[in-house]
Structures are given as C-alpha cells and as structure tokens.
Amino acid sequence: MIDAGNVISVLVFLSPVEAFWKIVKRRSTEEYECLPYICTLLGSSLWTYYGIVTPGEYLVSTVNGFGVLAESIYVLIFLFFVPKPRFLKTITLVLALNILFPVIAIVGTRTAFGDAKTRSNSMGFICATLNIIMYGSPLSAIKTVVTTKSVKYMPFWLSFFLFLNGAIWGVYALLVHDVFLLVPNGMGFFLGTMQLLIYAFYRNAKPNVKDEEEALAPSQPLLS
C-alpha cells in the first residue's frame, strides 16, 4: 500500500508536465493558474523537512524531495512566462508561500518546542493542513472553467492523480488507524472527486468564445 502511495505521489508531481510543455511552446502561461504548483511546492518542502527530522520516515523525505525539485521547476517556468500584469502577484505568492512561510514554520516549531517528538508532531499537523490546501488548489481554475464553459485551463491530470493519491493514502490511514493521515487524504479524495465531476460536466460543453477571449485579456484581474 505504501509503495502504491509513493508511486501515485510521484505521478502527482509529474502530472503537470504536459501543461508546462504547452506553456513553453506558446511562451505564455495564458489562463493557467500557478496556485496549485505553489501550494504543492510548499507542502512538499515541509513534508521533506518532516521526513528528515522524524525517525523512520525517510520515504516521506525522498518522495517529497523529488516533489520539491519538480515543483520548483514548474514555478520557475511559470514565473518566466507569466504575462507582465500578473507577474507581481505571482512572485509575491511565491515569496510568501515558498520562502517566508516554510522558514517561519521550521524556525517557529524549533523555537517553541524543545522536545523533538513534539516538534515532529507539530510539523506533521502543519503538513496535514497544507495537504488539504494542496488537494483543493486546482479548484482555483474553476472560475475560468465556469465562465468560459471550457476545461482548457483546468489541470485534469493533476486533479486525477490527487484524487488517486487521496484514495490510496486514505485507505492506508483507515488500515493503520491514523487520523492525522486520514483527515487530509479523506478531504483530498472528496475534493478530487469534485474536480473530476466538474471536468466531466464541462468537458463536452460548447465553449463561450467571447468570455474566453475576455478571460485572456491582459486587463482581466486574475489569481495567479
């Protein structure tokens, strides 16, 4: 079960390759959202640290270490090709969530708790909370999907593998009676199901060309 979970986790990290290949070819992020990759990078960074400081959790650090590498590449590509009106908002999110927050979390837990086990548990709690955010992050594209009636900019493979990841680790959590593992992955399974249902609903819908063109306009305020 753990091996299957690790394989699915790696597939989660590799799932955006197709989308970023399109970004590189078109030399623009267009309406793709950066938030899912920023959140995944944040979660992977802290899970890597958790695996390093927690005895017996080396697989957590290795798998998420790979995630840090992959997601860092995605975020850098996004910053390179994001349209200028959205660059400031995007770089602000990256600095706040991928640099400032991890530093505060690591320094804060090490300063506040003298006992190693307590530090590890507190970091695990933070990581579990971030997992829920990561699972829901592809929903940031839903506004564009509903407005344009098109799933063009919805990261299907990311949603699909997050759904599988939540299911596999949720079942494992039930088997070992781990509530801290069950809650975020149970939520991941639920949010992943929602995302796939939305994708299925709009997959064959007739795109609203006018709204899609307006969504692509530089003046459109967007969450990057």
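Residues numbered from 1 in each chain as written. Predicted model: local features only at pLDDT ≥ 70, side-chain atom pairs only at ≥ 80, totals over all residues. Heavy atoms only, no water.

Named according to an unreviewed UniProt entry, the protein is Bidirectional sugar transporter SWEET originating from Brassica campestris. Taken directly from UniProt, the Sequence similarities (unreviewed entry) text for the protein runs: "Belongs to the SWEET sugar transporter family." (UniProt positions renumbered as here; feature names shortened; annotations may be inferred.)

What follows concerns the pattern of salt bridges. Scanning the entire structure with this criterion turns up two salt bridges. Lys22 is the partner of Glu18 in a salt bridge, and the nearest nitrogen-oxygen pair spans 4.0 Å. Residue Glu18 and its partner Lys22 are both found in helix H2 (residues 17–26); the two are separated by four residues, about one turn of the helix. We classify Lys22 as partly exposed; its relative accessible area is 28%. Glu30 is the partner of Arg26 in a salt bridge, and the nearest nitrogen-oxygen pair spans 3.1 Å. (Salt bridge = Lys/Arg side-chain N within 4 Å of Asp/Glu carboxyl O. Helix = DSSP H or I, 4+ residues; strand = E, 2+ residues; numbered from the N terminus. Buried < 20%, exposed > 50% of the residue type's maximum accessible area, 1.4 Å probe, protein only.)

Counting 27 residues, the largest nonpolar core has Val75 and Phe78 as its most contacted members. For this core, the elements supplying multiple residues, two or more each, are helix H1 (2–14), H2, helix H3 (35–53), helix H4 (58–81), helix H5 (84–112), helix H6 (116–136) and helix H8 (156–176). Broken down by element, this core gets its largest block of residues, seven residues, from H4. Leaving out residues up to four positions away in the same chain, Val75 has contacts with Tyr37, Ile38, Leu41 and Val94. Leu42, Leu46, Tyr49 and Tyr50 belong to the second-largest nonpolar core, a separate cluster that totals 10 residues. (Core = buried A, V, L, I, M, F, W, Y, C linked by side-chain atoms within 4.5 Å. Contact = heavy atoms within 4.5 Å.)

Three or four residues apart is the spacing at which side chains of an α-helix point the same way, because the helix has 3.6 residues per turn. Given a rise of 1.5 Å per residue, 21 residues ought to cover 30 Å, and the 31 Å separating the end C-alpha atoms of H6 matches this to within 8%. Backbone nitrogen of Lys117 and a side-chain oxygen of the N-cap are separated by 3.3 Å at the start of H6; the cap is Asp115. (Expected span 1.5 Å × (residues − 1). Polar contact = N/O pair within 3.5 Å; in protein donor to acceptor, adjacent residues only side chain to side chain.)

Now for the UniProt feature "transmembrane region" (unreviewed entry) in the protein. The UniProt entry lists residues 6–23, 35–52, 58–81, 93–111, 123–142, 154–175 and 181–202 under the feature "transmembrane region" (unreviewed entry), expressed in the numbering used here. Between the C-alpha atoms that bound residues 35–52 there is a distance of 26 Å. The span itself is 100% helix and 0% strand. For the annotated span residues 58–81, helix accounts for 100% and strand for 0% of the residues, and the straight-line distance between the end C-alpha atoms is 35 Å.

Before going further, it helps to examine H8. A rise of 1.5 Å per residue sets the reference length of H8, with its 21 residues, at 30 Å; its end C-alpha atoms lie 30 Å apart and thus fit the reference within 8%. Those residues of H8 that sit buried are Leu158, Ser159, Phe161, Leu162, Phe163, Asn165, Gly166, Trp169, Gly170 and Ala173. Phi for His177, located one or two positions after H8, is positive at around 60°.

Across the interface, H3 lies against H5 with an axial gap of 10 Å and an inter-helix angle of 20°. Judged by the inter-axis angle, H3 sits roughly parallel to H5. In this structure, H3 meets H5 at a crossing whose hand is right-handed. Across from Ile38, Leu41, Leu42, Leu46 and Tyr49 in H3, the residues of H5 making contact are Thr90, Leu93, Val94, Leu97, Asn98, Phe101, Pro102, Ala105, Ile106 and Arg110. (Axes fitted to C-alpha atoms, helices over the stretch in contact; angles between N-to-C directions. Parallel < 35°, antiparallel > 145°, perpendicular 65-115°, else oblique. Left-handed = near helix turned anticlockwise from the far one by under 90°.)

The subject of this paragraph is the packing of aromatic side chains. Geometrically, a pair of aromatic rings is defined through the distance of the ring centres and the angle of the planes. All told, the structure shown has 12 aromatic pairs when counted by the stated rule. Pairing Phe20 with Tyr37 gives two aromatic rings, centres 4.9 Å apart and planes at 75°, and the pair type is edge-to-face. A residue pair is termed long-range when its members are at least 10 positions apart, and Phe20 in helix H2 and Tyr37 in helix H3 qualify at 17 residues. Here Tyr37 falls in the buried class, since its relative accessible area comes to 3%. Here Phe80 and Phe81 contribute two aromatic rings whose centre-to-centre distance is 4.9 Å and whose plane-to-plane angle is 85°, an arrangement assigned as edge-to-face. An aromatic cluster is defined as three or more aromatic residues linked by ring pairs; in this entry it consists of Phe20, Tyr37 and Tyr74. (Phe/Tyr/Trp six-rings, centres within 6.5 Å; stacked < 30°, edge-to-face > 60°.)

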